[in-house]
Amino acid sequence: QVKLVESGGGLVELGGSLHLSCAASGYTFSDYAVMWSRQAPGKEREYIGSIYTPTPTITLDSVKGRFTMSRDNGQRTVYLHMNSLKPDDTAVYFCHVRLWTGQDYWGQGTQVTVTS
């Protein structure tokens, strides 16, 4: 059974940092990219980026230069490193994976709140 569990969210002040984790199980972790997205209240979900190789691909323009990702295949964990946080980064953050079947699996999400 595929399972993704995010952790590390919380309350942080403007300009602060948070490091989210996504622990995966139930599939061959090293064979797939893991993706991060976020959804703020009343807004559509935004795709942040993905990591397969050691070098991540950050797609969301508003976080480029501030967010990065890393992964530890031995720990079956992917990390989202968020720096210089802004109130606009307040959202629920999700990790997700698409397997060879085409099916997407999502974690339950972790709340990030940035105060000014």
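The structure this text deals with has already been given above.
Here's what I pulled together on the structure shown here. Residue numbers restart at each chain and count upward from 1, following the sequence in its written direction. A pLDDT threshold of at least 70 governs which residues receive local features in this predicted model, and a stricter bar of 80 or more applies before side-chain atom pairs are shown or counted, although totals over entire chains, interfaces and linings include all residues. Heavy atoms throughout the structure, all of them, feed into the side-chain values; hydrogens and water do not.

Turning our attention to the overall build of the protein chain. Under the DSSP-based scheme used, a helix requires at least four consecutive residues in state H or I and a strand at least two consecutive residues in state E, with every element numbered from the N terminus. Helices and strands together make up the secondary structure of the protein chain, namely zero helices and 11 strands. Each helix and strand of the protein chain, ordered N terminal to C terminal, gives the series β-β-β-β-β-β-β-β-β-β-β. Between the two quantities, the radius of gyration covers C-alpha atoms and the globule rule is 2.2 Å times the number of residues to the power 0.38. What you see for the protein chain is a C-alpha radius of gyration of 13 Å, in line with the 13 Å of a compact globule of 116 residues. For the exposure calls, accessible area comes from a 1.4 Å probe over protein chains only, and a residue counts as buried if that area is under 20% of its type's maximum, exposed if over 50%, partly exposed in between. When each of the 116 residues of the protein chain is scored for burial, the buried share is 42%. Residues count as neighbours in contact if any of their non-hydrogen atoms are within 4.5 Å of one another. Relative to all contacts within the protein chain whose residues are 6 or more apart in sequence, the contacts with residues 24 or more apart total 53%. Note on areas: these come from Shrake-Rupley sampling with a 1.4 Å probe, and a residue is covered only by the protein chains present in the view. As displayed, the protein chain has an accessible area near 6,200 Å², and 49% of this comes from carbon and sulfur atoms. For the protein chain, the separation between the mean place of its 10 positive charges and that of its 10 negative charges on side chains is 2 Å. Residues scored as charged are limited to Lys and Arg (positive) and Asp and Glu (negative), so that His and the chain ends carry no count. Just so you know, the charge point we use is NZ for Lys, CZ for Arg, CG for Asp and CD for Glu.

What follows deals with the pairing of strand E3 (residues 18-25). Alignment of strand E1 (residues 3-7) against E3, held across five bridges, turns out to be antiparallel. Paired with Leu4 across the two strands is Ala24, which belongs to E3. Paired strands, in this sense, are two strands between which DSSP finds at least two bridges. With six bridges connecting them, E3 and strand E8 (residues 77-82) associate as antiparallel partners. The residue bridging Cys22 from the neighbouring strand is Val78, located in E8.

Another aspect to go through is the sheet that holds strand E7 (residues 67-72). The strands making up a sheet associate through hydrogen bonds between their backbones, and the pairing can be parallel or antiparallel. Spatially, the four strands line up as an open sheet ordered E1-E3-E8-E7, and their pairing is antiparallel. Two strands close off the open sheet at either side, each with one partner strand: E1 and E7. Taken pair by pair, the neighbouring strands of this sheet meet at an average axis angle of 20 degrees, ignoring direction. Taken together, the six bridges between E7 and E8 define a ladder with antiparallel strand orientation. Note on E8: the bridge partner recorded for Ser70 is Tyr79. All axes here are fitted lines through C-alpha atoms, helices being fitted over the stretch that makes contact, and every angle between N-to-C directions spans 0 to 180 degrees.

Any carboxyl oxygen of Asp or Glu within 4 Å of a side-chain nitrogen of Lys or Arg constitutes a salt bridge here. Enumeration according to the criterion identifies five salt bridges in this entry. With a shortest N-O distance of 2.8 Å, Glu46 and Arg38 are connected by a salt bridge. Between Asp89 and Arg66 there is a salt bridge; the shortest N-O distance is 2.7 Å. In this pair, Asp89 sits in the loop between E8 and strand E9 (91-98) while Arg66 sits in the loop between strand E6 (57-58) and E7, placing the two residues 23 residues apart along the sequence. Taking the relative accessible area as the measure of exposure, Asp89 reaches 2% and is therefore buried. One salt-bridge network, in which partners are shared between bridges, spans Arg38, Glu46, Arg66 and Asp89.

With respect to the helices and strands, Glu6 occurs in strand E1. Buried and unpaired, Glu6 has no salt bridge, with Arg45 as the nearest side chain of opposite charge at 9.8 Å. Here a polar contact means two N or O atoms within 3.5 Å. Within protein one must be a hydrogen donor candidate and the other an acceptor candidate, and residues neighboring in sequence count only if both atoms are side-chain atoms. Of note is the side chain of Glu6, whose polar atom sits 2.8 Å from the backbone nitrogen of Cys95. Looking at Glu6, its side chain comes within polar contact range of the main-chain nitrogen of Gly109, at 2.8 Å. Ignoring sequence-local partners within four residues, the contact set of Glu6 consists of Ser21, Cys22, Trp36, Tyr93, Phe94, Cys95, Gly107, Gln108, Gly109 and Thr110.

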